[in-house]
2 protein chains.
Amino acid sequence: MITAHKIKILQSLDKKKFRQKYNLFLVEGNKTIKEIPNSRYKIKEIYSVSPEDLPVAKSLITQIEPTILKKISFLQHPKDSVAVCELKENFLVENVEVQLILDGIQDPGNLGTIIRLADWFGIRQIVCSEDTADYYNPKVIQASMGSFLRVNIVYENLEKVLANSHSAIIGTDMVGQNLYDFKFPEKFSLVLGNEGNGMRSEIKKLLTDKVTIPRFGSSKATESLNVAMSTGIILGQIFSEK
Amino acid sequence: MITAHKIKILQSLDKKKFRQKYNLFLVEGNKTIKEIPNSRYKIKEIYSVSPEDLPVAKSLITQIEPTILKKISFLQHPKDSVAVCELKENFLVENVEVQLILDGIQDPGNLGTIIRLADWFGIRQIVCSEDTADYYNPKVIQASMGSFLRVNIVYENLEKVLANSHSAIIGTDMVGQNLYDFKFPEKFSLVLGNEGNGMRSEIKKLLTDKVTIPRFGSSKATESLNVAMSTGIILGQIFSEK
């Protein structure tokens, strides 16, 4: 059984205000939910239409009808289960080898995709500006496909963090060194800016190197790539040299 | 003035059936609309809340109120204008140097992103299986950001097209050569498969080479990248060698 009051609480968790009020966020789909017990995150309860093979204590699970799932899911096509998890406070790890710095990424899909990329390339930390989208947003969790469980995502004053950095701070710029000629050092922070406006000038000033992804199409071709795609192409290039 | 009947027709254009019935599709946003006069596509009419700087005959433009724009736009946050354009029939160009082959790509966002990538990397043709998403879908047009104007997108029987190919047919596979060691030939087709199931076995049989994008994260890391992201990383690697 799930009460109408509980449904209302779960439905409110697409808003940061309510996630913080209740200290909860949602993870959808058995595939990702199965990975939670091996992570730092804690499941408080699970609402599921097919709870059979979930590797968690049965006491956590409430079986529900598809019509209820539809009410509490944030997906257009709801999956099998919704797990209600407790928010975790993350702490900045200093002196990591490679980290991503996000300056004002707004789109939840982009943030989720970047988290998934970090995981794929073994990058352990993403430092976000305070105005970057909240990674507990259900759309971010969804797009990250479970990768949020393995990457340390923190929200910090970027200027402070970067001013204390002892390694290279690399950002993309229209006028920078050709990505494919640039030799990435062992330790660095890769800065990615807002979808529309790029990184703020205060952050740009702190860059030690600027790189450009060369365009191979004609001069009429598209002017830019989406920020998540740029991240993927840059990381692909960096790791091709390792 | 725009009639209620016209609004109804425009609203129906998110369905392929109606796009074909009326021989029309929509392009949203002045930025992309401005590029149409330099392309093979023809604008039939434009509905705009800010038509001032559109470089088209004034007779094509109808000024409308934001409330009307909201009705005819397929975007969550409508832009300034909606252009109604005529469908164009595209024809397969044989013997192109590099082309993408899409076997059952379903997600409009992925298709649009792949079209934008092709444009960025100067790839002139995308050959889609007949069950790939329709590129005239407003979500595809939107995600392609005007790149659909510069890439020849055709729908064909892939087995026939590939059986007639004289150049390498390269696809991604869990067990393939390491992308970063693979030497891409001058001429090739790069095959990308369906989001959930990959390419069909009939197509896989026709591959001359298989490549794998190596994962640099731990064995626990995400199992896969999204198909559009994989395409970006592979194309980034191919063109880094040029």
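Quick caveat: nothing in here was measured; it's all calculated off a predicted structure. (Residues numbered from 1 in each chain as written. Chains lettered and ligands numbered in written order. Predicted model: local features only at pLDDT ≥ 70, side-chain atom pairs only at ≥ 80, totals over all residues. Heavy atoms only, no water.)

### Let's talk about the overall build of chain A
Secondary structure assignment for chain A yields nine helices and ten strands. A compact globule built from 242 residues should have a C-alpha radius of gyration of about 18 Å, and chain A, at 20 Å, falls within 12% of that. Based on the C-alpha atoms only, the size of chain A along its principal axes is roughly 60 × 40 × 30 Å. A burial count over chain A gives 55% of its 242 residues as buried. (Helix = DSSP H or I, 4+ residues; strand = E, 2+ residues; numbered from the N terminus. Rg over C-alpha atoms; globule rule 2.2 N^0.38 Å. Buried < 20%, exposed > 50% of the residue type's maximum accessible area, 1.4 Å probe, protein only.)

### Some thoughts on the relation of the copies chain A and chain B
Screw-axis analysis of chain A against chain B gives a translation of 0.0 Å along the axis, an RMSD of 0.0 Å, and a rotation angle of 180 degrees. Expressed as a symmetry operation, the mapping of one chain copy onto the other fits a two-fold axis. The position closest to the rotation axis in chain A is occupied by the C-alpha of Ile233 of chain A, lying 2.5 Å away. Looking at the interface residues of chain A, 100% of them are also at the interface in chain B, so both copies use one shared face. (Least-squares fit on C-alpha atoms with pLDDT ≥ 70 in both. Contact = heavy atoms within 4.5 Å.)

### Quick notes on the packing of helix H9 (residues 227-240) of chain A against helix H9 (residues 227-240) of chain B
Contact geometry of H9 of chain A with H9 of chain B gives a least axis separation of 9 Å together with a crossing angle of 50 degrees. Classified by the angle between their axes, H9 of chain A and H9 of chain B sit oblique to one another. In this structure, H9 of chain A meets H9 of chain B at a crossing whose hand is right-handed. Contacts between H9 of chain A and H9 of chain B involve Ala228, Met229, Gly232, Ile233, Gly236, Gln237 and Ser240 of chain A from the former and Ala228, Met229, Gly232, Ile233, Gly236, Gln237 and Ser240 of chain B from the latter. (Axes fitted to C-alpha atoms, helices over the stretch in contact; angles between N-to-C directions. Parallel < 35°, antiparallel > 145°, perpendicular 65-115°, else oblique. Left-handed = near helix turned anticlockwise from the far one by under 90°.)

### Examining unusual backbone geometry
For Met145 of chain A, which is not glycine, the phi torsion reads 55 degrees and is therefore positive. A residue is classified by how much of its surface remains accessible, and Met145 of chain A, at 35% relative accessible area, is partly exposed. The phi dihedral of Asn23 of chain B is positive, around 60 degrees, even though this residue is not glycine. Within the fold, Asn23 of chain B resides in the loop between helix H2 (16-22) and strand E1 (24-28). Residue class for Asn23 of chain B comes out partly exposed when judged on its relative accessible area of 36%.

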